[in-house]
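# Summary of structural features
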Amino acid sequence: MAAITDEAIRELAAFRGQQAPVTTCYLDVDGRRLARPQELDQELDRLLRDARARAGGNGSVLADLKRVEALVRDGIDRSRTRGIVVFACQAHDLWEVVALPVPVHSRVVINSAPAVGQLEAILQDHPRIGVLLADKQRARMLVVDLGELTDRSELLEELPRDYDSRGHSDQGYDREQHHVSELTQQHLRHAASVAFQVFQDTPFEHLVLGAPDPVAAELESCLHPYLKQRLAGRIAVNASASPAEVRDAVLAVEGDIERRREAEVVRRLRDAVGTGQRAAAGLDAVLTALREQRVERLLVSAGFSETGWHCGSCGALAALGRTCPGCGAEMAHVDDVVEDAIEEALARGCKVEICVDNADLDVLGRIGALLRF
Ligand SMILES: [Zn+2]
């Protein structure tokens, strides 16, 4: 199962099932949540039963669901895989399986286009991060992709062994020190060029450095401009750190990067609300915009949940019941209309941001949307 690229997602998003609907299946196979194989089977059964009921007897969709079932029953290596995404359309010979080292929210979408929203959001939450660790003698360049660490390059350059134990009064010392710092510089330039080679091979969005202060400053100055632009801070990890130490430090940085990105999107929402342009804030306004298919990007405070209403005849969601504001039918009460709104937005291909600890979004009503028009 191949890694998914942004380009592959764009291609999928543009695909249209002319002859038959496309089946998109997100399946959470996270061994931490579904420890026993039977639990995974139950999750799959529940998902497929519901999907078959929605397939409307379409042969292509039923064949897609059968193939998904066979894929999972054949067994998935759950030591590395926590989420599976399948895009299928038998009528068009479409079959794309993506295995993710992070969990997904289980759901099946049957629609004219692949439902890429959730996959896109996952990739956005986990930008690829380059990690350059260095001291005066060693350098390691690693890449963290979807929370997984790949060790790319190791560089060890021997410097004169006992250079720092010489007496300071020695005439030769200055010359030797000079030589050492030249060697160190050479080593760091080398490390920087290795980092750039890795970047060209596996482009990453952010770069973090782990090095003692003087080395880090020198190293930064050696970086290619493309890499300087991508600097996202330093981690307190040395060049010989274990993979687990590196991973934990990078995950913390990843969290910071993600919070900054969320803050930027919330700032855009706040500005748009302030100027009354293409924005909705608060549950009622957002559900109205969703009903009118105007939502481009949905922003929700993590953990926000609210009861509401769902119309069985036109599918509308509403904060207040019980008459449907869309078609006038009587609606059913739902436990969590926010969750339903997220599902609806994802199914429509909108971007969804779940924002953690963002006080500005809380003030706007814990939910908001940037609108298409
Ligand atoms: Zn309705």
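Residues numbered from 1 in each chain as written. Predicted model: local features only at pLDDT ≥ 70, side-chain atom pairs only at ≥ 80, totals over all residues.

### Some points on the overall build of the chain
- When helices and strands are tallied, the chain shows 11 helices and 16 strands.
- Oriented by its inertia axes, the alpha-carbon framework of the chain measures out at about 95 × 55 × 35 Å.
- Looking at the chain as a whole, 34% of its 373 residues qualify as buried. (Helix = DSSP H or I, 4+ residues; strand = E, 2+ residues; numbered from the N terminus. Buried ≥ 20, exposed ≤ 12 C-beta atoms within 10 Å, placed from the backbone.)

### Re the domain arrangement of the chain
- Splitting the chain by domain gives domain 1 (6-125), domain 2 (129-241) and domain 3 (259-371).
- Computed over C-alpha atoms only, the centres of domain 1 and domain 3 are separated by 25 Å.
- Tallying the contact residues gives 11 residues for domain 1 and 7 residues for domain 3.
- The element best represented in the side of domain 1 that touches domain 3 is helix α4 (residues 117-125), accounting for 4 residues.
- Each residue belonging to the side of domain 1 that touches domain 3 can be placed in one class, and the counts come to 6 nonpolar, 3 polar and 2 charged. (Domains from an automatic or database assignment. Contact = placed C-beta atoms within 7 Å. Nonpolar A, V, L, I, M, F, W, Y, C, P; charged D, E, K, R; others polar.)

### Considerations on the packing of helix α9 (residues 283-291) against helix α10 (residues 337-347)
- The contact between α9 and α10 brings their axes to 11 Å, and the two run at 30 degrees. By the angle class used here, α9 and α10 are roughly parallel. Relative to α10, α9 is oriented so that their crossing is left-handed. Mapping the contact onto sequence places V286, L287 and L290 in α9 and A341, E344 and A345 in α10.
- Broken down by class, the residue content of the contact of α9 with α10 amounts to 5 nonpolar, no polar and 1 charged. (Axes fitted to C-alpha atoms, helices over the stretch in contact; angles between N-to-C directions. Parallel < 35°, antiparallel > 145°, perpendicular 65-115°, else oblique. Left-handed = near helix turned anticlockwise from the far one by under 90°.)

### Quick notes on the nonpolar core
- Ranked by internal contacts, the top residues of the largest apolar core, which has 67 residues, are V286, L298, L299, A341, A345 and A369.
- Summarising the domain contributions, this core has at least three residues from each of domain 1 (6-125) and domain 3 (259-371).
- Among all residues touching V286, those that are not within four sequence positions of it are A280, A341, I367, G368 and A369.
- In terms of nonpolar packing, the next biggest core, distinct from the first, is built from 33 residues, V131, L132, A191 and L223 among them. (Core = buried A, V, L, I, M, F, W, Y, C linked by C-beta atoms within 7 Å.)

### Quick word on the sheet that holds strand β11 (residues 295-301)
- One open sheet accounts for 4 strands, arranged β10-β16-β11-β15; its pairing is mixed. At either end of the open sheet lies a strand with only one pairing partner, and these are β10 (279-281) and β15 (351-355). Adjacent strand axes in the sheet meet at a mean angle of 15 degrees when their direction is disregarded.
- Of the pairings in the sheet, the one linking β11 to β15 comprises 5 bridges and is parallel in character. Residue pairing for β15: V300 is matched across the bridge by I354.
- Against the sheet, α9 contacts β10, β11 and β16 (367-371), and its axis sits at roughly 40 degrees relative to β16. (Pairing = 2+ DSSP bridges.)

### Things to note about the sheet that holds strand β12 (residues 308-310)
- Read from one edge to the other, the open sheet built from 3 strands follows the order β13-β12-β14, with strand pairing classed as antiparallel. Both outer strands of the open sheet, β13 (317-318) and β14 (332-334), are each paired with one neighbouring strand and no more.
- The pairing of β12 with β14 spans 3 bridges and is antiparallel. Of the residues in β14, the one forming a bridge with H310 is A332.

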